[in-house]
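Below are the chains, spelled out letter by letter.
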Amino acid sequence: MSALALLMIVLAYLLGSVSSAVLICKAFRLDDPRLRGSGNPGATNVYRLGGPVPAGLTLLGDVLKGMIPVWAGYFLGLTPIELGFVAIAACLGHIYPLYFKFQGGKAVATALGTMFPVASEMAILLIITWLLVFWVSRVSSLAALITVALSPLYAFLIKPQYTIPAIMLAALIIWRHRTNIVRLWNGTEVAFRTTTKRKKK
């Protein structure tokens, strides 16, 4: 692996460590998403706490911190495998953020962001898959698991050279959802609700 690739991996982790959810909730004077709702600092939980605007900003931030380092690595000529490690580093930053006591989220949006620079068609297909599963089930974790499980297949069909990086990312996201998998299996996973719980003053 080249020195440039190692540098991009480190930078991707540092950028991934910026918790969009925590910062957006502070800006909107909402509860810390790590302590309220599902406890997951991601767009879905921010929606529960503050509605669509902070949730949308959180989603955008999470996507960009996956997209930017992979796009930079792609522009600099990194190989597909090296780009895969850059993507994983960004997701690990989201899951274990250096600046937020290593208390992060599930990295679904960040993983999606890593797809756009190298396979925008695949990223769009993943978004459609997530929306369809979520529309039917109303369970965000189930939509995420099915979507990431299908990502290696989509990569193989659209851009085969990124199949192995897609497998690497899928394995990481599925592992991160292991507690959700247990709840889904036991039938105790909570479906999404549109009600919000704002901080009491």
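See the structure printed just above.
Here's a quick rundown of the structure. Per-chain numbering applies: the sequence of each chain, read as written, is numbered from 1 onward. The model is predicted, so local features are restricted to residues of pLDDT at least 70 and side-chain atom pairs to those at 80 or more, both for listing and for counting; the totals for chains, interfaces and linings are taken over all residues. Excluding hydrogens and water, the side-chain figures rest on all heavy atoms present in the structure.

1. A look at the nonpolar core
Then step 1. Ranked by internal contacts, the top residues of the largest apolar core, which has 32 residues, are Val86, Met122 and Leu169.
Then step 2. Secondary structure counts use DSSP, requiring at least four H or I residues in a row for a helix and at least two E residues in a row for a strand, with both numbered from the N terminus. Elements represented by at least two residues in this core include exactly α1 (3-16), α5 (80-95), α6 (108-115), α7 (120-137), α8 (140-158) and α9 (163-176).
Then step 3. Top element by residues in this core is α5. It accounts for eight residues. To define a nonpolar core, start from buried Ala, Val, Leu, Ile, Met, Phe, Trp, Tyr and Cys residues and group those joined through side-chain atoms within 4.5 Å. Burial classification: accessible surface area is computed with a 1.4 Å probe over protein chains only, and a residue below 20% of its type maximum counts as buried, one above 50% as exposed, and the rest as partly exposed.

2. So, the environment of Lys106
Then step 1. Summarising the element assignment, Lys106 is placed in the loop between α5 and α6.
Then step 2. Take Lys106: its relative accessible area is 17%, and that puts it in the buried class.
Then step 3. The spatial distance from the C-alpha of Lys106 to the C-alpha of Ala90 is 12 Å, given a sequence separation of 16 residues.
Then step 4. Whether two residues are in contact is decided by their heavy atoms, any of which lying within 4.5 Å being enough. Non-local contacts of Lys106, meaning those with residues more than four positions away in its chain, are made with Asn40, His94, Ile95, Ile173, Arg176, His177 and Asn180.
Then step 5. Among the polar contacts listed, one links the side chain of Lys106 to the side chain of Asn180, at a separation of 2.6 Å. Pairing of N or O atoms within 3.5 Å defines a polar contact, subject to two protein rules: one partner must be a possible hydrogen donor and the other a possible acceptor, and residues neighboring in sequence count only if both atoms are side-chain atoms.

3. Topic: the packing of aromatic side chains
Then step 1. A pair of Phe, Tyr and Trp rings is counted when the ring centres sit within 6.5 Å of each other, with Trp represented by its six-membered ring. The angle between the planes then sorts it: under 30 degrees is stacked, over 60 is edge-to-face, the rest tilted. Evaluated as defined, the whole model comprises two aromatic pairs.
Then step 2. Ring plane angle 10° and centroid distance 5.6 Å describe the contact between Trp71 and Phe75, whose orientation is recorded as stacked. Residue Trp71 and its partner Phe75 are both found in helix α4 (residues 52-75); the two are separated by four residues, about one turn of the helix.
Then step 3. The positively charged end of Arg176 is found above the aromatic ring belonging to Tyr96, 5.9 Å away from the centroid. The rule for a charge over a ring is simple: NZ of Lys or CZ of Arg within 6 Å of the ring centre, and within 35 degrees of the ring normal.

4. So, α6
Then step 1. With seven of its eight residues buried, α6 lies for the most part within the structure.
Then step 2. Those residues of α6 that sit buried are Ala109, Thr110, Ala111, Leu112, Gly113, Thr114 and Met115.
Then step 3. Against α4, α5, α7 and α9 lie the buried residues of α6.

5. A look at the side chain of Asn180
Then step 1. Looking at the secondary structure, you find Asn180 in helix α10 (residues 178-186).
Then step 2. In terms of polar contacts, Asn180 uses its side chain to reach the side chain of Glu189, at 2.8 Å.
Then step 3. Non-local contacts of Asn180, meaning those with residues more than four positions away in its chain, are made with Lys106, Ser141 and Glu189.

6. Some details on the packing of α4 against α6
Then step 1. Contact pair α4 / α6: the axes reach a minimum separation of 7 Å and the direction vectors enclose 40°. As far as their axial angle goes, α6 and α4 are oblique. Remark: the crossing between α4 and α6 carries right-handed chirality. Facing Leu59, Asp62, Val63, Lys65, Gly66, Met67 and Val70 of α4, the residues of α6 in contact are Ala109, Thr110, Gly113 and Thr114.
Then step 2. By residue class, the composition of the contact of α4 with α6 is five nonpolar, four polar and two charged. Helix axes are fitted only over the stretch in contact, all axes being lines through C-alpha atoms; the angle between N-to-C directions runs from 0 to 180 degrees. Angle categories: roughly parallel below 35 degrees, roughly antiparallel above 145, roughly perpendicular from 65 to 115, and oblique for all the rest. Handedness of a crossing is defined here by the sense of rotation of the near helix relative to the far one, left-handed for an anticlockwise turn of less than a right angle and right-handed for a clockwise turn. Charged residues are taken to be Asp, Glu, Lys and Arg, nonpolar residues to be Ala, Val, Leu, Ile, Met, Phe, Trp, Tyr, Cys and Pro, and polar residues to be all remaining types, Gly included.

7. Some thoughts on the pattern of salt bridges
Then step 1. Whenever a carboxyl oxygen of Asp or Glu lies within 4 Å of a side-chain nitrogen of Lys or Arg, that contact is scored as a salt bridge. Taken as a whole and assessed by the stated rule, the structure comprises four salt bridges.
Then step 2. Between Asp32 and Arg34 there is a salt bridge, and its shortest N-O distance comes to 2.7 Å.
Then step 3. Of the charged contacts, one joins Arg183 and Glu189 as a salt bridge, the two residues approaching to 2.7 Å between their closest N and O atoms.
Then step 4. Relative accessible area serves as the criterion here: at 18%, Glu189 is assigned to the buried category.

8. Observations regarding the side chain of Ser20
Then step 1. On the secondary structure map, Ser20 appears in helix α2 (residues 20-27).
Then step 2. Here the side chain of Ser20 touches Asp62 through a polar contact of 3.0 Å, side chain to side chain.
Then step 3. When near neighbours in sequence (up to four residues on either side) are disregarded, Ser20 contacts Thr58, Gly61, Asp62 and Lys65.

9. What to know about a nonpolar patch on the surface
Then step 1. For patches, a residue must show more than 30% relative accessible area and have no salt bridge; joins then use 9 Å for like charges and 5 Å for nonpolar side chains, namely Val, Leu, Ile, Met, Phe, Trp and Tyr. Throughout, the Shrake-Rupley method with a 1.4 Å probe supplies accessible areas, and for residues the shown protein chains are the sole cover considered. A grouping of Leu4, Leu7, Leu11, Trp71, Phe75 and Leu76 is seen on the molecular surface, where their side chains present a nonpolar patch of about 620 Å² in accessible area.
Then step 2. Of all the secondary-structure elements, those providing two or more residues to the nonpolar patch are α1 and α4.
Then step 3. With three residues, α1 is the single largest residue contributor to the nonpolar patch.
Then step 4. Summarising the element assignment, Leu7 is placed in helix α1.
Then step 5. Taking the relative accessible area as the measure of exposure, Leu7 reaches 46% and is therefore partly exposed.

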